[in-house]
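Chain by chain, the residues run as shown.
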Amino acid sequence: MVDYGKPPSVGEDESSWTTGIDWMQENLECCGITDGYDWSEAAHTEPIWWTLKTGGNHVNDVPDSCCTTITDKCGVGKALDKAVVAGIHEDGCLVKAKNWAEAVQC
(Lines give C-alpha, C1' and ligand atoms only; values in the text may rest on other atoms or scores of the structure.)
Protein backbone atom coordinates (compact mmCIF):
# COMPACT_ATOMS: atom_id res chain seq x y z
CA MET A 1 0.00 0.00 0.00
CA VAL A 2 2.92 2.31 0.67
CA ASP A 3 3.57 3.09 -3.02
CA TYR A 4 0.05 2.70 -4.41
CA GLY A 5 -0.80 5.46 -6.89
CA LYS A 6 2.75 6.80 -7.22
CA PRO A 7 3.61 8.07 -10.68
CA PRO A 8 5.02 5.31 -12.90
CA SER A 9 8.65 4.87 -13.81
CA VAL A 10 9.82 6.22 -17.14
CA GLY A 11 8.22 4.30 -20.01
CA GLU A 12 5.38 2.79 -17.94
CA ASP A 13 1.72 3.69 -18.25
CA GLU A 14 1.06 2.90 -14.59
CA SER A 15 3.21 1.55 -11.79
CA SER A 16 3.22 -2.23 -11.53
CA TRP A 17 2.42 -1.91 -7.81
CA THR A 18 -0.75 0.06 -8.57
CA THR A 19 -1.72 -2.28 -11.41
CA GLY A 20 -1.30 -5.34 -9.17
CA ILE A 21 -3.36 -3.96 -6.31
CA ASP A 22 -6.09 -2.79 -8.67
CA TRP A 23 -6.19 -6.23 -10.35
CA MET A 24 -6.47 -7.96 -6.98
CA GLN A 25 -9.19 -5.65 -5.62
CA GLU A 26 -11.24 -5.83 -8.82
CA ASN A 27 -10.91 -9.55 -9.51
CA LEU A 28 -11.02 -10.89 -5.95
CA GLU A 29 -13.73 -8.36 -5.04
CA CYS A 30 -11.95 -7.05 -1.95
CA CYS A 31 -10.66 -3.77 -0.56
CA GLY A 32 -7.54 -3.07 1.49
CA ILE A 33 -5.81 -5.66 3.65
CA THR A 34 -8.64 -6.21 6.13
CA ASP A 35 -11.20 -3.70 4.77
CA GLY A 36 -11.51 -0.29 3.09
CA TYR A 37 -10.44 1.57 6.21
CA ASP A 38 -6.88 0.39 5.52
CA TRP A 39 -6.69 3.06 2.82
CA SER A 40 -7.45 5.96 5.20
CA GLU A 41 -4.83 8.30 6.61
CA ALA A 42 -5.97 7.46 10.16
CA ALA A 43 -5.16 3.75 9.70
CA HIS A 44 -1.41 4.37 9.38
CA THR A 45 1.24 5.31 11.91
CA GLU A 46 3.66 6.01 9.05
CA PRO A 47 2.55 8.10 6.07
CA ILE A 48 1.80 6.36 2.79
CA TRP A 49 1.95 8.08 -0.60
CA TRP A 50 -1.79 7.58 -1.22
CA THR A 51 -2.76 9.85 1.70
CA LEU A 52 0.08 12.42 1.68
CA LYS A 53 -0.87 15.96 0.68
CA THR A 54 2.28 16.00 -1.46
CA GLY A 55 1.34 12.61 -2.89
CA GLY A 56 -2.07 11.24 -3.70
CA ASN A 57 -3.90 13.41 -1.10
CA HIS A 58 -6.63 10.78 -0.60
CA VAL A 59 -7.09 11.11 3.18
CA ASN A 60 -10.47 9.31 3.36
CA ASP A 61 -10.67 7.68 -0.07
CA VAL A 62 -10.32 4.13 -1.32
CA PRO A 63 -9.06 3.37 -4.84
CA ASP A 64 -11.81 3.04 -7.42
CA SER A 65 -10.82 -0.64 -7.76
CA CYS A 66 -12.51 -1.19 -4.36
CA CYS A 67 -15.90 -0.20 -5.75
CA THR A 68 -18.52 -2.82 -6.54
CA THR A 69 -19.29 -0.86 -9.72
CA ILE A 70 -16.22 0.98 -10.92
CA THR A 71 -16.73 4.55 -12.07
CA ASP A 72 -14.42 7.55 -11.91
CA LYS A 73 -14.00 8.71 -8.30
CA CYS A 74 -16.44 6.11 -6.91
CA GLY A 75 -14.06 5.56 -3.95
CA VAL A 76 -14.01 9.17 -2.74
CA GLY A 77 -14.85 9.46 0.97
CA LYS A 78 -15.33 5.72 1.48
CA ALA A 79 -12.38 4.86 3.74
CA LEU A 80 -14.45 5.01 6.90
CA ASP A 81 -13.56 3.64 10.33
CA LYS A 82 -14.59 -0.02 10.35
CA ALA A 83 -17.98 0.75 8.86
CA VAL A 84 -19.71 -1.24 6.16
CA VAL A 85 -19.74 1.27 3.33
CA ALA A 86 -22.21 0.96 0.46
CA GLY A 87 -20.64 0.63 -2.94
CA ILE A 88 -17.28 -0.90 -1.97
CA HIS A 89 -16.22 -4.48 -1.38
CA GLU A 90 -16.60 -5.34 2.31
CA ASP A 91 -13.93 -8.05 2.56
CA GLY A 92 -10.23 -7.35 2.85
CA CYS A 93 -7.79 -8.81 0.32
CA LEU A 94 -5.39 -10.69 2.62
CA VAL A 95 -7.57 -13.77 3.20
CA LYS A 96 -9.06 -13.65 -0.30
CA ALA A 97 -5.60 -13.49 -1.93
CA LYS A 98 -4.33 -16.35 0.26
CA ASN A 99 -7.34 -18.52 -0.65
CA TRP A 100 -6.96 -17.66 -4.34
CA ALA A 101 -3.23 -18.52 -4.33
CA GLU A 102 -3.90 -21.86 -2.64
CA ALA A 103 -6.66 -22.68 -5.13
CA VAL A 104 -4.51 -22.03 -8.22
CA GLN A 105 -1.44 -23.96 -7.03
CA CYS A 106 -0.34 -26.69 -9.41
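In this report, the structure presented in the accompanying data block is examined. From a predicted model like this one, the values you see are computed outputs, not experimental measurements.

**Quick notes on the pattern of salt bridges**
1) Next: Applying the stated criterion across every chain, the model contains two salt bridges.
2) Next: Close ionic contact of Asp91 with Lys96 constitutes a salt bridge, the shortest N to O distance being 3.7 Å.
3) Next: Taking the relative accessible area as the measure of exposure, Asp91 reaches 42% and is therefore partly exposed.
4) Next: A relative accessible area of 26% places Lys96 in the partly exposed class.
5) Next: A salt bridge links Lys98 to Glu102, with the shortest nitrogen-to-oxygen separation between them at 3.0 Å. Of this pair, Lys98 and Glu102 both sit in helix 2 (residues 93-104), four residues apart, roughly one helical turn.

**Points about the state of the cysteines**
1) Next: Within the structure shown, the criterion is met by three disulfides.
2) Next: Through a disulfide, Cys67 is tied to Cys74; the S-S separation comes to 2.2 Å. Across the S-S bond of Cys67 and Cys74 the torsion is about 115°, and the bridge reads as right-handed. Side by side, Cys67 and Cys74 carry an identical accessibility label, which is buried.
3) Next: Within the chain, bonded cysteines paired by disulfides and numbered along the sequence follow the pattern 1-6, 2-3, 4-5.

**With respect to a nonpolar patch on the surface**
1) Next: Where nonpolar side chains cluster on the molecular surface, the patch consists of Trp23, Trp100 and Val104 and spans about 320 Å² of accessible area.
2) Next: The residue Val104 is located in helix 2 in this model.
3) Next: Taking the relative accessible area as the measure of exposure, Val104 reaches 47% and is therefore partly exposed.

Procedures and definitions
- Within each chain, residue numbers correspond to sequence positions counted from 1 in written order.
- The predicted origin of the model limits local features to residues at a pLDDT of at least 70 and limits the giving and counting of side-chain atom pairs to 80 or more, whereas totals for whole chains, interfaces and linings rest on all residues.
- Values shown for side chains rest on all heavy atoms present in the structure; no hydrogens or waters enter the calculation.
- One speaks of a salt bridge when a side-chain nitrogen belonging to Lys or Arg is within 4 Å of a carboxyl oxygen belonging to Asp or Glu.
- The buried label goes to any residue with under 20% of its type's maximum accessible area, the exposed label to any with over 50%, and the partly exposed label to all in between, with areas taken from a 1.4 Å probe on protein chains only.
- Runs of H or I in DSSP of at least four residues are treated as helices and runs of E of at least two as strands, each being numbered from the N terminus.
- Pairs of cysteine sulfur atoms within 2.5 Å are what we label disulfides.
- Patch membership requires more than 30% relative accessible area and the absence of a salt bridge. Residues of like charge join within 9 Å; the nonpolar side chains Val, Leu, Ile, Met, Phe, Trp and Tyr join within 5 Å.
- Where accessible areas are quoted, they stem from the Shrake-Rupley method and a 1.4 Å probe; at the residue level, only the protein chains shown are allowed to cover.

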